[in-house]
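One letter stands for each residue in the lines below.
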Amino acid sequence: GMPMQMPAGLPPGYTPPSTGGGAISLMVSGGVNNNGTITASAYDGLYGRGSGGSVYILANTLSGGGTIRANGGSASSTRCGGGGRIALIVTGAGADFSGVGMTNITACGGVGGAGNGGAGTVYLQSTAQSAGKGAVIIDNNNQAGAQTEIPPKTNAIPSELERATIVVTNRAAMASTTNVTIGELLIYTNCYWTLTNWTVSVNQLEHSLENVTKRGPGATNRVDHYDQILWIGHPPGTLFVVH
């Protein structure tokens, strides 16, 4: 998140386009206690097009109320940068994220200028969840912005979301880029997912998308319009007979 160096000969007061965030990778055999700041955020400036970078932490435990950020660059002129990527994975016995200040972990889009940036993603995987079964949180800090592409158009890993829970909150918005299968889906108030002509298959029984305890037809906030959200979960003991 450091500003770029000024080339010689530029006029006084010149503000360069925003630089994007860098990449941080921590793989720790013990615990990580963060009471400071871990940031791969883009630099804010007049032209805030830079996107957030990436933070990857793999440790036995993660604790502390410090910040972990990969936010997009804010701007006073052009469109702002999109949020980056954060992945936090703990592997110690019984480890989870209860000792972490979750509100301080953000990958939001930049704010201001000609348009806010879209949310990035925060992936959380506790020890109790096997690989790929964590939660992908898409949170734009209550700022309406550009849409987050799911799955991404570039560098997407096939089937990587089939067991993951996608949580869309705080005015985040998503756009489909292809047909996709996910493990679970929660979309909260003032958030949406533009499906266009694509389908989303969810490995769960049908339920209200804002509350997994509300199940079945007629529940509020069902977004299974036009048969584009396909609920493919089946209750335990379901018997299939194939002829």
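Cut-offs applied
Residues numbered from 1 in each chain as written. Predicted model: local features only at pLDDT ≥ 70, side-chain atom pairs only at ≥ 80, totals over all residues. Heavy atoms only, no water. Buried < 20%, exposed > 50% of the residue type's maximum accessible area, 1.4 Å probe, protein only. Helix = DSSP H or I, 4+ residues; strand = E, 2+ residues; numbered from the N terminus. Pairing = 2+ DSSP bridges. Polar contact = N/O pair within 3.5 Å; in protein donor to acceptor, adjacent residues only side chain to side chain. 1 Å grid on protein atoms, 1.4 Å probe; cavity = no way out; pocket = protein on both sides within 12 Å on 5 of 7 lines; lining within 4 Å. Points joined across faces, edges and corners; volume = space filled by probe spheres on them. Nonpolar A, V, L, I, M, F, W, Y, C, P; charged D, E, K, R; others polar. Axes fitted to C-alpha atoms, helices over the stretch in contact; angles between N-to-C directions.

Remarks on the pairing of strand β12 (residues 165-169)
1) Next: Most of β12 sits out of view: four of its five residues are buried.
2) Next: Across five bridges, strand β10 (residues 135-139) lies against β12 in parallel orientation. Directly across from I137, in β12, lies its bridge partner V167.
3) Next: When β12 meets strand β15 (residues 184-187), the two strands line up parallel, connected through four bridges. The residue of β15 that forms the bridge with T165 is E184.

Comments concerning the environment of S41
1) Next: Of note, S41 is situated in the loop between β3 (37-39) and β4 (54-59).
2) Next: Only 3.0 Å separates the side chain of S41 from the backbone nitrogen of N71, close enough to count as a polar contact.

With respect to empty space enclosed by the protein
Once rolled over the atoms, a probe with the size of a water molecule shows which space is left empty.
1) Next: The full count for this structure, using the stated rule, is one cavity of 30 Å³ or more.
2) Next: What the largest cavity holds in volume is close to 30 Å³.
3) Next: Lining the largest cavity are N34, L62, S63, G64, G66, I68 and V100.
4) Next: Per-class residue counts for the lining of the largest cavity are three nonpolar, four polar and no charged.

Considerations on the side chain of T148
1) Next: Inspection of the secondary structure puts T148 in strand β11 (residues 148-150).
2) Next: Classification of T148 by relative accessible area gives buried; the value is 5%.

Regarding the sheet that holds strand β18 (residues 229-231)
Pairing between the strands of a sheet comes from backbone hydrogen bonds, and it takes one of two forms, parallel or antiparallel.
1) Next: Here three strands make up an open sheet; going across it, the order is β14-β17-β18 and the pairing parallel. Edge positions in the open sheet fall to β14 (180-182) and β18, since each of these has one partner strand only. Averaged over all pairs of adjacent strands, the angle between their axes in this sheet comes to 20 degrees, without regard to strand direction.
2) Next: As paired strands, strand β17 (residues 200-202) and β18 are joined by three bridges and run parallel to one another. Directly across from S201, in β18, lies its bridge partner L230.

Section: unusual backbone geometry
1) Next: Note that the residue after I150, namely P151, is joined by a cis bond; omega there is -15 degrees.
2) Next: Mapped onto the fold, P151 is located in the loop between β11 and β12.
3) Next: One non-glycine residue, N141, adopts positive backbone phi at about 55 degrees.
4) Next: Topologically, N141 is positioned in the loop between β10 and β11.
5) Next: Even without being a glycine, N155 presents a positive backbone phi close to 60 degrees.
6) Next: Structurally, N155 can be placed in the loop between β11 and β12.

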